[in-house]
Amino acid sequence: MEILWNLALVKHGTKEDVPTAVSGFVTNLDENNPTKNTRKLRFHFGQDGVLSAIIAPNNKLHLDFSAKTRKIQESLVGK
């Protein structure tokens, strides 16, 4: 079970797909059956954009954008 949680779900899309990808990732987390999902998402978008989303054990969502996509991060979560 721990192995699955350490694997990242990898998805591809556009920068406009970022909010939908993250919300879908969070919505589909099944805490009652952790064998059905992972707690990590790597979303590739645009030419160089990468978003890493991790749901920590305390259920906090951590988002990390690649250096070239900091402006998108600022527009989604504020400065």
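Residues numbered from 1 in each chain as written. Predicted model: local features only at pLDDT ≥ 70, side-chain atom pairs only at ≥ 80, totals over all residues. Heavy atoms only, no water.

## A short note on the sheet that holds strand 2 (residues 40-45)
Spatial ordering of the open sheet is given by 1-2-3-4, a layout of four strands whose pairing is mixed. Of all strands in the sheet, those with a lone pairing partner are strand 1 (8-13) and strand 4 (61-65), marking the two edges. Going from strand to strand, the sheet's axes swing by 15° on average, the running direction of each strand aside. Summarising the sheet, strand 1 and strand 2 pair through six bridges and their orientation is parallel. Its bridge partner lying in strand 2, Leu-9 is registered against Leu-41. (Pairing = 2+ DSSP bridges. Helix = DSSP H or I, 4+ residues; strand = E, 2+ residues; numbered from the N terminus. Axes fitted to C-alpha atoms, helices over the stretch in contact; angles between N-to-C directions.)

## Thoughts on the side chain of Arg-39
Summarising the element assignment, Arg-39 is placed in the loop between helix 2 (18-27) and strand 2. Side-chain polar atoms of Arg-39 contact the backbone oxygen of Ala-56, separated by 3.0 Å. For Arg-39, the side chain forms a polar contact with the side chain of Asn-59, separated by 3.5 Å. (Polar contact = N/O pair within 3.5 Å; in protein donor to acceptor, adjacent residues only side chain to side chain.)

## Section: the nonpolar core
Counting residues in hydrophobic clusters, the biggest one holds twelve residues: Val-18, Ala-21, Val-22, Phe-25, Leu-29, Leu-41, Phe-43, Phe-45, Leu-51, Ala-53, Ile-55 and Phe-65. Elements with a contribution of two residues or more to this core: helix 2, strand 2 and strand 3 (49-55). No other element matches the four residues that helix 2 contributes to this core. Apart from the residues within four sequence positions on either side, Leu-41 is in contact with Leu-9, Lys-11, Ala-21, Val-22, Phe-25, Leu-51, Ser-52 and Ala-53. (Core = buried A, V, L, I, M, F, W, Y, C linked by side-chain atoms within 4.5 Å. Buried < 20%, exposed > 50% of the residue type's maximum accessible area, 1.4 Å probe, protein only. Contact = heavy atoms within 4.5 Å.)

## Focus: the side chain of Ser-52
Considering the arrangement of structural elements, one finds Ser-52 in strand 3. Its relative accessible area of 18% is what places Ser-52 among the buried residues. Within the local environment of Ser-52, its side chain forms a polar contact with the side chain of Arg-42, the two groups lying 3.1 Å apart. Apart from residues lying up to four places away in sequence, Ser-52 is in contact with Leu-41, Arg-42, His-62, Leu-63 and Asp-64.

## Observations regarding helix 2
Inspection of helix 2 places Val-18, Ala-21, Val-22 and Phe-25 among the buried residues, and these make up the whole buried set. Take helix 2 and look down its axis: the buried residues cluster within an arc of 95°, on one side only. Turned more than 90 degrees away from the buried face of helix 2, the exposed residues are Thr-20 and Thr-27. (Arc of directions from axis to C-beta.)

## A closer look at unusual backbone geometry
Residue Asn-59 is not a glycine yet carries a positive backbone phi of 65°. The class for Asn-59 is partly exposed, based on a relative accessible area of 37%.

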